[in-house]
Amino acid sequence: MSGGGGLLVAGTTSDAGKSVVTAGICRWLTRKGVSVAPFKGQNMSLNSFVTREGAEIGRAQAMQAQAARVEPSALMNPVLLKPGGDRSSQVVLMGRPVGEMSARGYHGNRQKELFEPVVECLAELRRTHDAVICEGAGSPAEINLRRTDIVNMGIARAARFPVVVIGDIDRGGVFAQFFGTTALLAPEDQELVAGYLVNKFRGDVTLLEPGLDMLHGLTGRRTFGVLPYAHGLGIDEEDGLRVSLRGTVRESVVAPPHGADVLRVAVAAVPLMSNFTDVDALAAEPGVVVRFVDRPEELVDADLVVVPGTRGTVKALAWLRERGLADAIARRAAEGRPVLGVCGGFQALSEHIEDEVESKAGRVEGLGLLPVRVRFAREKTLARPVGEALGERVEGYEIHHGVAEVLGGEPFLDGCRVGSVWGTHWHGSLESDGFRRAFLRRVAADAGRSFVPAPDTSFGALREEQLDRLGDLVEEHADTDALLRLIEDGVPEGLPFIPPGAP
């Protein structure tokens with residue numbers, strides 16, 4: 001494989017910071033004038049995005065593409081696994097679903113078949129860019145999965161890319177993680193591990209230096225930087241909801257309200273929640289407080305309840321009923337208090353669902369709050385619609401098997417509205433600033449709140465600021481000269497083997 005240079009960002013664990021560090025490296029390189037693309041051979045996530053060509057990829061790779069200031073492409077995430085029920089996942093190849101598969105079936109046979117297409121995608125990105133920054137998955141030392149690996153050392157070895165291993169020091173044990181990760185790799189994989197990057201450090205870096213020196217002595221590998229702990233950088237993650245169900249969204253700081261009141265938003269934390277990033281734009285508004293909830297009493301003081309997307313609409317409906325949330329939402333609707341359903345949440349608000357595809361449950365009664373009937377089709381809808389609502393232009397994206405037949409109500413983004421209950425299949429609509437402000441004004445009026453949206457909040461500008469902060473972290477706290485040499489020149493020679501290694 002030849003072409004542009006590159007790097008694999010691996011991690012000692014899931015959620016070590018691979019996604020955001022990869023984005024930070026992409027933004028730093030882009031600001032230097034380097035043509036760069038992100039890449040992740042295989043992603044497991046319910047947070048996905050639709051490219052302009054109608055391909056479904058992980059949202060983390062779409063965010064990294066934005067960091068690199070390039071258009072997202074299926075080449076950047078050729079395999080996406082979307083977990084469902086019964087220990088199975090939907091396999092999305094080059095942006096299109098190709099079937100459901102158990103973990104055993106996937107790792108046993110299918111994953112090996114996907115290695116060549118994944119390597120070809122990486123080769124194409126290398127042909128068209130100066131550099132490709134690859135993100136690994138989980139840990140490269142998952143030795144039980146090494147034989148069929150298409151995302152960690154398998155990719156690094158195919159591309160002859162150097163590997164930098166990220167460790168989250170905020171969790172503790174980072175020196176053991178770095179050493180153990182390296183020592184559990186086969187000799188041919190170890191020779192690609194160039195060194196380490198410490199993430200989320202709090203305090204005086206000089207106190208860490210003796211440990212870094214000892215790590216260098218033990219492994220013969222250097223540490224390329226110590227990135228400080230930075231609040232509010234959890235953008236478009238893939239592995240799950242990094243918040244308590246009764247906490248705030250991520251680590252975001254709620255700004256003071258522009259008007260007299262705050263606006264409280266409660267998001268039902270349904271099973272298999274997908275694209276929970278839809279509410280990030282609400283959380284970015286000054287004076288809007290967003291919580292994920294799982295109990296009916298937590299809806300009492302909410303001004304808006306959001307039923308979000310899910311990979312299991314029928315399972316989500318059962319959960320809402322078991323928890324008592326279904327009755328609480330129905331009472332809200334009867335009282336004229338705002339409810340918004342997005343994608344699977346929209347389907348849950350319908351009269352009934354015919355599902356022989358996702359859950360295979362047949363006919364299931366919905367919450368009956370919108371005059372809509374849903375039939376699940378085998379073909380997945382993947383689209384980037386543009387429309388208008390509340391007098392404002394709206395952009396969104398659609399990812400769903402459910403086909404909605406709207407039988408009444410007022411039209412709303414290809415869904416409908418009845419009173420204070422709104423439903424749409426469109427993800428991302430709240431990122432359209434004018435529409436979001438108009439919607440929040442309507443919610444505040446229905447809720448009786450003296451809430452006024454700030455006139456100048458730009459969600460796109462806020463995301464750019466976050467991406468620039470990621471680039472700043474890399475530029476200011478990593479040895480960028482050394483990273484650039486790795487990307488351009490490849491794996492350093494003479495890296496020692498650390499026993500015992502893997503077979």
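Look above for the structure.
In this text the structure is predicted, and so the values were computed from the model without any measurement.

A. Structural context of the sheet that holds strand 1 (residues 5-11). Read across the sheet, 6 strands follow the order 2-9-1-10-11-12 without closing on themselves; strand pairing throughout is parallel. The sheet is open, and its two borders are formed by strand 2 (36-39) and strand 12 (222-228), each paired with just one other strand. Strand-to-strand twist across the sheet, computed as the mean angle between neighbouring axes with direction ignored, equals 20°. This element, helix 7 (residues 209-219), spans strand 11 (193-201) and strand 12 of the sheet and lies at about 150° to strand 12.

B. Looking closely at the environment of Leu407. Relative to the assigned elements, Leu407 resides in the loop between strand 24 (398-406) and strand 25 (410-412). In this structure the C-alpha to C-alpha distance between Leu407 and Asp481, which are 74 residues apart in sequence, comes to 61 Å.

C. Molecular detail of the sheet that holds strand 16 (residues 304-307). Read from one edge to the other, the open sheet built from 7 strands follows the order 15-13-16-18-27-26-25, with strand pairing classed as mixed. Of all the strands in the sheet, the pair left with one neighbour each is strand 15 (288-293) and strand 25. Direction aside, neighbouring strands of the sheet carry axes that sit 20° apart on average. Pairing geometry for strand 18 (residues 339-342) and strand 27 (residues 421-424), over 4 bridges, is parallel. Bridging across to strand 27, Val339 finds its partner in Val421. Along the sheet face, helix 12 (residues 433-447) touches strand 13 (263-268), strand 15, strand 16, strand 18, strand 25, strand 26 (415-418) and strand 27 and points at about 100° away from the line of strand 13.

D. Region of the structure containing unusual backbone geometry. With an omega of 15°, the peptide bond running from Pro499 to Pro500 counts as cis. Take Pro500: it is sitting in the segment after helix 14 (480-489). If you check the backbone angles, Met94 has positive phi at about 50° while not being a glycine. Along the polypeptide, Met94 turns up in the loop between strand 7 (88-93) and strand 8 (96-102). With phi around 55°, Arg160 is a residue other than glycine that occupies positive phi space.

E. Examining the pairing of strand 2 more closely. The side-chain alternation of strand 2 yields two buried faces, one formed by Val36 and Pro38 and the other by Ala37 and Phe39. As paired elements, strand 2 and strand 9 (residues 131-135) share 4 bridges and run parallel to each other. If you follow Ala37 over to strand 9, its bridge partner there is Val132.

What counts as what
- Residues numbered from 1 in each chain as written.
- Predicted model: local features only at pLDDT ≥ 70, side-chain atom pairs only at ≥ 80, totals over all residues.
- Heavy atoms only, no water.
- Pairing = 2+ DSSP bridges.
- Helix = DSSP H or I, 4+ residues; strand = E, 2+ residues; numbered from the N terminus.
- Axes fitted to C-alpha atoms, helices over the stretch in contact; angles between N-to-C directions.
- Contact = heavy atoms within 4.5 Å.
- Buried < 20%, exposed > 50% of the residue type's maximum accessible area, 1.4 Å probe, protein only.

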